[in-house]
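What follows is the residue order along each chain.
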Amino acid sequence: MKIVVIGGTGLIGTQVCKRLREGGHDVLSASPRSGVNAVTGEGLQTALKGADVVVDVANAPSFEDAAVLEFFEKSARNLAAAEKTAGVKHHVALSVVGTDRMLESGYFRAKMAQEEIIRKAGVPWSILRATQFFEFIGAIAQSGARGDTIRLTSAALQPIASVDVAAAMANIAVAPPTGKIEEVAGPDKQPLVSFATTYLQHTKDQRQVITDDQAGYYGAIIDDQSLTPGANPILGKIHFDQWLKSSSA
Ligand SMILES: NC(=O)c1ccc[n+]([C@@H]2O[C@H](COP(=O)([O-])OP(=O)(O)OC[C@H]3O[C@@H](n4cnc5c(N)ncnc54)[C@H](OP(=O)(O)O)[C@@H]3O)[C@@H](O)[C@H]2O)c1
């Protein structure tokens, strides 16, 4: 199968391309670095020629509300139009667990808009919503920092190694379209503040951590359900402590 991976140079995209190539597929990594821009449409028609499947794991360069909305709306529309012209049989996209519960946040509003365009576009689709990547826990911890203290919520997270997300995405890409939103999450659920504290201890960060449920998640107050999956998610295999030991964090 010819599979085009939009955002194939990114954290998830690199690993999805590797897995699909190992599976014997003809994989094209497409992103601005290789002259393919899903927001402007540049290079899309050529890249998608003869493609059976498009996997979209691109991410916006700016998370500012208007910019991120424009990124996900324009890229989803351009991809749908180019896929129809090319006769693509399956569009697979990566979204975030809790997208529909987090609409206070501009990033999640943009992901919701992307999902809605995909669902109505007329190209057979599958969407996978993932929880926060382990690689993102350091940034989550930093988001609560003010001077020498870090305030973080005790609401639950169930984060996952990016390699487990990539494996799930690659499996979905080579299966028939589901027309459904599935979820993938890590094997362990704990308070956000606990994951962050483990990370900070591992990186020998001396700052004081204060549990504060008003600290929220990038400006949105969250509870134990906000960012954790519903019934029967796909589960990643790698635990956070295992990942920390093997990562460069
Ligand atoms: N971070 C998390 O915890 C988390 C959790 C759940 C889901 N997700 C989702 O996972 C997805 C992938 O995230 P990631 O962390 O792997 O991203 P990333 O490492 O930041 O990579 C972003 C990718 O997007 C590409 N890109 C940027 N602008 C583009 C454009 N105009 N057209 C086409 N490609 C473009 C980049 O290409 P260049 O290298 O050429 O610039 C790069 O390949 C996102 O959709 C995100 O919403 C993230």
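Residues numbered from 1 in each chain as written. Predicted model: local features only at pLDDT ≥ 70, side-chain atom pairs only at ≥ 80, totals over all residues. Heavy atoms only, no water.

## A look at the overall build of the protein
Of regular secondary structure, the protein possesses eight helices and 12 strands. Radius of gyration (C-alpha) of the protein: 18 Å, near the 18 Å computed for a compact globule of 249 residues. Dimensions of the protein, computed from C-alpha atoms along their principal axes, come out at roughly 55 × 35 × 35 Å. The buried share of the protein, reckoned over its 249 residues, is 49%. Relative to all contacts within the protein whose residues are 6 or more apart in sequence, the contacts with residues 24 or more apart total 80%. When the accessible surface of the protein is totalled, it reaches about 11500 Å², and 51% of it is carbon and sulfur. (Helix = DSSP H or I, 4+ residues; strand = E, 2+ residues; numbered from the N terminus. Rg over C-alpha atoms; globule rule 2.2 N^0.38 Å. Buried < 20%, exposed > 50% of the residue type's maximum accessible area, 1.4 Å probe, protein only. Contact = heavy atoms within 4.5 Å. Areas by Shrake-Rupley, 256 points an atom, 1.4 Å probe, with all protein chains shown as cover.)

## Here we look at the sheet that holds strand β3 (residues 53–56)
The strands that make up a sheet pair up through hydrogen bonds in the backbone, lying either parallel or antiparallel. Here we have seven strands laid out as an open sheet, ordered β2-β1-β3-β4-β5-β9-β12, and parallel in their pairing. Looking along the sheet, the strands with just one partner apiece sit at the ends: β2 (26–30) and β12 (234–235). Both strand β4 (residues 90–96) and strand β5 (residues 125–130) contribute to a ladder of six bridges, which runs parallel. In the strand pairing of β5, Val96 is matched with Ala130. Across the face of the sheet, helix α4 (residues 106–120) comes into contact with β3, β4, β5 and β9 (181–185) while running at roughly 160° to β4. (Pairing = 2+ DSSP bridges. Axes fitted to C-alpha atoms, helices over the stretch in contact; angles between N-to-C directions.)

## Some details on the site of the ligand
Inspection of the region around the ligand gives 27 residues, with Thr9, Leu11, Ser31, Asn37 and Tyr107 positioned closest. Separating an oxygen atom of the ligand from a backbone N or O atom of Arg33 is a distance of 2.9 Å. Here an oxygen atom of the ligand sits 2.5 Å away from a polar atom, N or O, in the side chain of Tyr107. Relative to its unbound accessible area of 940 Å², the ligand is 84% covered by the protein chains. Listed by contribution, the elements that provide at least two residues to the shell around the ligand are α1 (11–22), β4 and α4. Element by element, the count of residues in the shell around the ligand is highest for β4, at three residues. Taken together, the residues that form the shell around the ligand break down as 16 nonpolar, nine polar and two charged. (Near = heavy atom within 4 Å. Polar contact = N/O pair within 3.5 Å; in protein donor to acceptor, adjacent residues only side chain to side chain. Nonpolar A, V, L, I, M, F, W, Y, C, P; charged D, E, K, R; others polar.)

## As for the pattern of salt bridges
Across all of its chains, the model carries eight salt bridges by this definition. Taking the shortest distance from any N to any O, the salt bridge between Asp100 and Arg129 comes out at 3.0 Å. Of the two residues, Asp100 sits in the loop between β4 and α4 while Arg129 sits in strand β5, which places them 29 residues apart along the sequence. Across the pair Asp205 and Arg207 runs a salt bridge, and its minimum N-O distance is 2.7 Å. The exposure class assigned to Asp205 is partly exposed, which follows from its relative accessible area of 25%. With relative accessibility at 22%, the residue Arg207 sits in the partly exposed group. One network of salt bridges, with partners in common, ties together Asp100, Glu115 and Arg129. (Salt bridge = Lys/Arg side-chain N within 4 Å of Asp/Glu carboxyl O.)

## Description of the sheet that holds strand β7 (residues 149–152)
Strand order in the open sheet formed by three strands is β6-β7-β11, with mixed pairing between adjacent strands. At either end of the open sheet lies a strand with only one pairing partner, and these are β6 (145–146) and β11 (208–211). Here two bridges tie β6 to β7, and the two strands are oriented antiparallel to one another. Bridge assignment links Arg146 to a residue of β7, and that residue is Thr149.

## Quick word on the pairing of β7
Residues Ile150 and Leu152 line the buried face of β7, whereas the alternating positions Thr149 and Arg151 sit on a face that is not buried. Counting the residues that bridge the hairpin from β6 to β7 gives two residues, and of these Gly147 lies at a positive phi of roughly 60°. As judged from the four bridges shared by β7 and β11, these two strands associate in the parallel manner. Considered in β11, the bridge of Thr149 is made with Gln208.

## So, the packing of α1 against helix α6 (residues 162–173)
Look at α1 against α6: their axes get within 8 Å of each other, and the N-to-C directions meet at 50°. As judged from the angle between their axes, α1 and α6 are oblique. Taken as a pair, α1 and α6 cross one another with a handedness that is right-handed. Judged by residue contacts, Leu11, Ile12, Gln15, Val16, Arg19 and Leu20 of α1 engage Ser162, Val163, Val165, Ala166, Ala167, Met169, Ala170 and Ala173 from α6. Residues belonging to the contact of α1 with α6 are distributed by class as follows: 11 nonpolar, two polar and one charged. (Parallel < 35°, antiparallel > 145°, perpendicular 65-115°, else oblique. Left-handed = near helix turned anticlockwise from the far one by under 90°.)

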